[in-house]
Amino acid sequence: MATFKTRLSQISKKNGKIILANDYDSSEKNLTTKTIQNIKTLYPYLCGIKLNFHLLLPLSFKEISKINKTAHNYGLQTIADIKLNDIGNTNKVTTEHLWNLGFDAVIANPIMGLDSLKQLVKSSHKENKGVITLCHMSAPEAKLSYDMEIKMGKSQKLYQLFLDWAITSKVDGIVVGATFPEIIQYCHKKAGSKLDIFSPGIGTQGGSAKNVLSAGTDYLIIGRTIINDKNPVSVSKELQLQSFSK
Ligand code: XMP
């Protein structure tokens, strides 16, 4: 079986670079039906879907498995956005559950430490699953934490350490917010083809697909800009076109 990185790259060559974040307001009651409907109508413009606590908390094992199975039937990869950050044993049991649910990859927080991260990558890759780590988040206040000056061997910023750890531990990709294109550019220059860059924060949070793609982003994580639009198909089509023209 191909690796997560390869599977995602293959589908993106055909469908473009958008990963849909299925985040709904708490007023939405038919979460499974709505997500499956999104997959069925938007799949030609997507390479993957991302589920986070909006769905993982309220839905059952059966419902989440059904969503993942449907996504796979339509050729899409699925990512669990839980920003995993715990001791080795908890990470291990958590990812076993995620893989049983049918997910292809997990988003993790590297603050867990380099050794735990290496363990997580090793056990995930053994199952042909992917690990994506946070490098610099999209929210404006991310500057206060991810740009923090630290002394770890040398003087550097926290996101620079997280980038080094991502390369060393051989994760599949990193998350760098679309609201910080200059940091995307820095990471892209440093990591080259070793890491895929995933950027959330397009549209609603102010990031521009065009700018981040030219800065080096490989995949666009997009939620509300598509989901809350009156015509999600036409927005997806437009963003897909931009992702092809990189
Ligand atoms: P919107 O609606 O803003 O949704 O397009 C973005 C999605 O991405 C998540 N998000 C992040 N995830 N690091 C992450 O791992 C980030 O910096 C980040 N910023 C936003 C958000 O939860 C939503 O699902």
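What counts, and where the lines are drawn
- Residues numbered from 1 in each chain as written.
- Predicted model: local features only at pLDDT ≥ 70, side-chain atom pairs only at ≥ 80, totals over all residues.
- Heavy atoms only, no water.
- Salt bridge = Lys/Arg side-chain N within 4 Å of Asp/Glu carboxyl O.
- Helix = DSSP H or I, 4+ residues; strand = E, 2+ residues; numbered from the N terminus.
- Buried < 20%, exposed > 50% of the residue type's maximum accessible area, 1.4 Å probe, protein only.
- Pairing = 2+ DSSP bridges.
- Right-handed = clockwise from strand over helix to strand, strands pointing away.
- Near = heavy atom within 4 Å.
- Polar contact = N/O pair within 3.5 Å; in protein donor to acceptor, adjacent residues only side chain to side chain.
- Nonpolar A, V, L, I, M, F, W, Y, C, P; charged D, E, K, R; others polar.
- UniProt positions renumbered as here; feature names shortened; annotations may be inferred.
- Axes fitted to C-alpha atoms, helices over the stretch in contact; angles between N-to-C directions.
- Parallel < 35°, antiparallel > 145°, perpendicular 65-115°, else oblique.
- Left-handed = near helix turned anticlockwise from the far one by under 90°.
- Contact = heavy atoms within 4.5 Å.
- Phe/Tyr/Trp six-rings, centres within 6.5 Å; stacked < 30°, edge-to-face > 60°.

What to know about the pattern of salt bridges
Opposite charge on two side chains allows them to pair when their charged atoms are near.
Then step 1. Tallied over the entire structure, the rule returns 7 salt bridges.
Then step 2. Between D104 and R7 there is a salt bridge; the shortest N-O distance is 3.1 Å. Taken together, the residues span a long stretch of sequence, with D104 in the loop between α5 (88-100) and β4 (105-108) and R7 in helix α1 (residues 4-15) at a distance of 97 residues. Assigned by exposure class, D104 and R7 land together as buried.
Then step 3. One salt bridge connects K50 with D81, and the closest N-O pair in it is separated by 2.5 Å. Residue K50 is found in strand β2 (residues 48-51), and its partner D81 is found in strand β3 (residues 77-84); the two are separated by 31 residues along the sequence. For the pair formed by K50 and D81, the shared burial category is buried.

Description of unusual backbone geometry
Then step 1. For K83, which is not a glycine, the phi torsion comes out positive at approximately 45°.
Then step 2. One can find K83 in strand β3.
Then step 3. A positive phi is found at K170, a non-glycine position, where the angle reads about 60°.

So, the pairing of strand β8 (residues 173-176)
In summary, the side chains of a regular strand alternate between the two faces of the sheet.
Then step 1. Here β8 shows a buried face lined by G173 and V175 and a second buried face lined by I174 and V176.
Then step 2. The sheet contact formed by strand β5 (residues 130-136) and β8 spans 4 bridges and is parallel. Residue T133 lies in a different strand from β8, and its bridge partner there is I174.
Then step 3. Where β8 meets strand β9 (residues 196-200), 3 bridges bridge the pair, whose relative direction is parallel. The partner of V175 across the bridge, within β9, is F198.
Then step 4. For the crossover from β8 across helix α9 (residues 181-191) to β9, the handedness is right-handed.

Here's the deal with the site of the ligand
Then step 1. Around the ligand sit 17 residues in total, of which D23, K50, S138, G223 and R224 are the nearest.
Then step 2. Interatomic distance of 3.2 Å between a side-chain N/O atom of K83 and a nitrogen atom of the ligand.
Then step 3. At a separation of 2.7 Å, an oxygen atom of the ligand approaches a polar side-chain atom of R224.
Then step 4. Those elements that place two or more of their residues in the shell around the ligand are β3 and β10 (219-222).
Then step 5. Considered class by class, the residues forming the shell around the ligand number 8 nonpolar, 4 polar and 5 charged.

Quick notes on the UniProt feature "domain: Orotidine 5'-phosphate decarboxylase" (unreviewed entry) in the protein chain
Then step 1. Within this structure's numbering, the places UniProt gives as "domain: Orotidine 5'-phosphate decarboxylase" (unreviewed entry) are residues 17-239.
Then step 2. Annotated as 45% helix and 22% strand, the span residues 17-239 places its first and last C-alpha atoms 9 Å apart.

Quick look at the packing of α5 against helix α6 (residues 114-126)
Then step 1. Two elements in contact, α5 and α6, have axes whose closest approach is 10 Å; the angle formed by their N-to-C orientations is 30°. Classified by the angle their axes make, α5 and α6 are roughly parallel. Relative to α6, the crossing made by α5 is right-handed. Here G88, N91, T95 and W99 of α5 come into contact with α6, specifically with S116, Q119, L120 and S124.
Then step 2. For the contact of α5 with α6, the residue count by class is 2 nonpolar, 6 polar and no charged.

Thoughts on the packing of aromatic side chains
Then step 1. Enumeration over the complete set of coordinates arrives at 5 aromatic pairs.
Then step 2. Plain terms: the ring middles of F162 and W165 are 6.1 Å apart, the flat faces sit at 45° to each other, and that makes the pair tilted. Within this pair, F162 and its partner W165 are both found in helix α8 (residues 158-168), separated by 3 residues, close to a single helical turn.
Then step 3. Judged by its relative accessible area of 2%, F162 is buried.
Then step 4. Judged by its relative accessible area of 15%, W165 falls in the buried class.
Then step 5. Three or more aromatic residues joined by ring pairs form one cluster here, namely Y146, F162 and W165.

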